[in-house]
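Examination of the molecular architecture
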Amino acid sequence: MKYIVPRLILLLLFAVPLSARSGPPVITLEIRDHLFFPDTIEIPANQKVKLLVINRDDTAEEFESFELNREKIIPGGAKAIIFIGPLAPGEYPFFGEFFPKTAQGKVIAR
Ligand SMILES: [Cu+2]
């Protein structure tokens, strides 16, 4: 018992500053009919960003970008989180590897 109370106080001390701190901005990207919506995402340069990718299709898709060095499979009807950045200002194309002719987009860091 004497160990539990100090630990609880420590937990409380850390819990408050952690919850007050906001994480990276979240940008939602949807896949529908093998297309990305939106197909152009603007993000702040030099800052980490959290992409929430929601696949509304029944089929799996793979978010792929050589420029962003990211590759992630999102099963049909599933969601995925992909962290990108901090990025230098510029354009970073991405595509859906399973439907590359239609599923195309780009991240613009400003
Ligand atoms: Cu791939």
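Here the structure is shown first, and the text comes after it.
Report follows, based on the coordinates. Because the structure is a prediction, the values reported are computed rather than measured. Counting restarts for each chain: residues are numbered from 1 in the order of the written sequence. Residue-level local features of this predicted model are given only where pLDDT is at least 70; pairs of side-chain atoms are given and counted only at 80 or more, and the full residue set underlies all totals for whole chains, interfaces and linings. Side-chain metrics rest on all non-hydrogen atoms present in the structure, leaving aside hydrogens and water.

In spatial order, the strands read β3-β9-β8-β5-β6; together these five strands make up an open sheet with mixed pairing. Only two strands of the sheet have a single partner each, and these edge strands are β3 (40-43) and β6 (70-74). Taking the axes of each pair of neighbouring strands and ignoring which way they run, one obtains an average angle of 20 degrees across the sheet. Relative to strand β8 (residues 90-96), strand β5 (residues 61-65) runs antiparallel, the two sharing two bridges. One bridge is not enough; two strands pair if DSSP finds at least two bridges between them. Comment: elements are numbered from the N terminus, with helices defined as DSSP H or I runs of at least four residues and strands as E runs of at least two. Axis definition: a line fitted to C-alpha atoms, over the contacting stretch in the case of helices. Angles run 0 to 180 degrees between N-to-C directions.

Glancing now at the coordination of the copper ion. Ideal geometry at a metal gives 109.5 degrees between four tetrahedral donors and either 90 or 180 degrees between six octahedral ones. Looking at the copper ion, the protein donor atoms are E62 (OE), E64 (OE), E71 (OE) and E97 (OE), and they sit 1.7 to 2.1 Å from it. We call an atom a donor if it is N, O or S and sits within 2.8 Å of the metal, or 3.2 Å for Na, K and Ca. Water is not counted, so some sites may look partial. Labels for metal geometry use angle windows, namely 85 to 135 degrees for all angles of a four-donor tetrahedral site, and for square planar (four donors) or octahedral (six donors) sites opposite donors over 155 degrees apart plus all others within 65 to 115; sites meeting none of these are irregular. Angles of 66 to 168 degrees at the metal separate the four donor atoms of the copper ion, which places the site in the irregular class. Positions of the donor residues of the copper ion along the chain correspond to the pattern E-x1-E-x6-E-x25-E. With E71 in strand β6 and E97 in the loop between β8 and β9 (104-109), this residue pair connects regions lying 26 residues apart in the sequence.

This next bit is on unusual backbone geometry. Going from F37 to P38, the amide bond is cis rather than trans, its omega being -10 degrees. Here P38 is to be found in the loop between β2 (35-37) and β3. Following G85, the chain continues to P86 via a peptide bond in cis, the omega torsion being 0 degrees. Here D33, not a glycine, exhibits a phi torsion of approximately 50 degrees, which is positive. Secondary-structure assignment places D33 in the loop between β1 (26-32) and β2. Assessed through its relative accessible area of 61%, D33 is described here as exposed. The backbone phi angle of N46 is positive, close to 60 degrees, even though this residue is not glycine. Note that N46 resides in the loop between β3 and β4 (49-55). Exposure categories follow from relative accessible area, calculated using a 1.4 Å probe and restricted to protein chains: below 20% of the type maximum is buried, above 50% is exposed, and the middle band is partly exposed.

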